[in-house]
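Survey of secondary and tertiary structure
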Amino acid sequence: MSELHVIDHPLITHKLSIMRNEKTGSKDFRELLEEIAMLMGYELTRDLPLKDVTIDTPLTKMKAKMISGKKLAIVPILRAGLGMVDGLQSLIPVAKVGHIGLYRDPTTHLPVEYYCKLPPDISERIVILVDPMLATGGSAVDALNLLKKKGCAHIRFMCLVAAPEGVAKVQEAHPDVDIYTAALDDHLNEHAYIVPGLGDAGDRIFGTL
Ligand code: PRP
Ligand code: URA
C-alpha cells in the first residue's frame, strides 16, 4: 500500500504558511516553493541506497560511502510543478528532467494532456513526480499512468498541499507510489480547489491571476 508521508518540519510549515497568505506575491511565492522543494527532497531521498567506495583523502585511503543504484529523474506536471524543480535539482544535480503538461478543464475538473517529453532512459530511473497541488488527484493519476506506460516502476510523488480526496484517489490507482506532502488539508470546495489551500498554484507562481 502506498504510504503518505506528511513532512511537517517547522521550517517547511513556516514557509508554507507564508505561501498560503493571499498577500504573498509571486516572487516570494516562487522562492519559498523552491526552498520547500529542497527541504522535502532531503526527506524524500533519505532511503537511497549507499555503496562502499575507496577514496584517497589528502591524508590517507579510506572506505567511504556514495549513493548507488538507480539514477533519478525529476518530472514536473506543468505548469505549477516547474516551481519545484530547481530546489530538487540543487540537491540532485545529475537528475534528468522530464515534463508532463496537464491542465484541469475548468468545468469538468478533469485533466487534459497537452505535452510530454521524458528522458529516453526514464524506465531505468527512480522518478520523482512533482506538483504542488494534489486536489481531486486526477492530474497525478494521469501523470502516473503515463509514466508507467513508459515503463517506470519506481516512482515517488511529491506535492506541497494535498486534499484527502486526492490522496485516496492516488492510493487506490497507484498503491505502489508513495506520496510526500508538506500538508494534508481539509477538503475540496465546489470548484475542486483545496481548502484552506493556497489558491491556484500556477497562477501564483507565474503571476497570471
Ligand atoms: C493544478 C495543479 C495540479 C492540478 C491539481 O494545475 O498544479 O496539476 O491542478 O488538481 P487535481 O488534483 O484536481 O487534478 P492546473 O490544472 O490549474 O494547471 P496549471 O498548473 O497549468 O495552472
Ligand atoms: N489546483 C490548484 O492550483 N489549486 C487547488 O486548490 C486545486 C487545484
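Residues numbered from 1 in each chain as written. Chains lettered and ligands numbered in written order. Predicted model: local features only at pLDDT ≥ 70, side-chain atom pairs only at ≥ 80, totals over all residues. Heavy atoms only, no water.

Remarks on the pairing of strand β4 (residues 72-78)
The two faces of a sheet get side chains in turn, since along a regular strand they alternate between them. Applied cut-off: Three exposure classes are used, based on accessible area relative to the maximum for each residue type with a 1.4 Å probe and protein chains only: buried under 20%, partly exposed in between, and exposed over 50%. What counts as a helix is a DSSP run of H or I of at least four residues, what counts as a strand is a run of E of at least two, and both are numbered from the N terminus. Two strands qualify as a pair provided DSSP detects at least 2 bridges between them. Place the viewer so that the strands point away; then a crossover is right-handed whenever the path from the first strand over the helix to the second strand goes clockwise.
Among the 7 residues that make up β4, 7 are buried, leaving the element largely enclosed by the rest of the structure. Neither face of β4 is left uncovered, since the one carrying Leu72, Ile74, Pro76 and Leu78 and the one carrying Ala73, Val75 and Ile77 both have all their residues buried. Two strands pair when backbone bridges link them, and β4 and strand β5 (residues 96-97) are joined in this way by 2 bridges, in the parallel orientation. Within the sheet, the bridge partner assigned to Ala73 lies in β5 and is Lys96. Regarding topology, helix α3 (residues 85-91) serves as the crossover connection from β4 to the parallel β5, and that connection is right-handed. Inspection of the sheet shows β4 paired to strand β6 (residues 99-104) by 2 bridges, in the parallel sense. Note that in β6 the partner of Ile77 across the bridge is Ile100.

Describing the nonpolar core
Here is the rule: Take the buried Ala, Val, Leu, Ile, Met, Phe, Trp, Tyr and Cys residues and link them wherever side-chain atoms come within 4.5 Å; each set so joined is a nonpolar core. Contact between two residues is taken to exist if any of their heavy atoms lie within 4.5 Å; hydrogens are not considered.
Within the largest apolar cluster, 37 residues are counted, with the highest numbers of intra-cluster contacts made by Leu16, Met40, Ile128, Met158, Leu160 and Leu198. Those elements that place two or more of their residues in this core are α1 (10-20), α2 (26-44), β4, α3, β8 (126-130) and α6 (201-206). When sequence neighbours within four positions are dropped, the list of residues in contact with Leu16 reads Ile36, Leu160, Val161, Ala182, Ala183 and Leu198.

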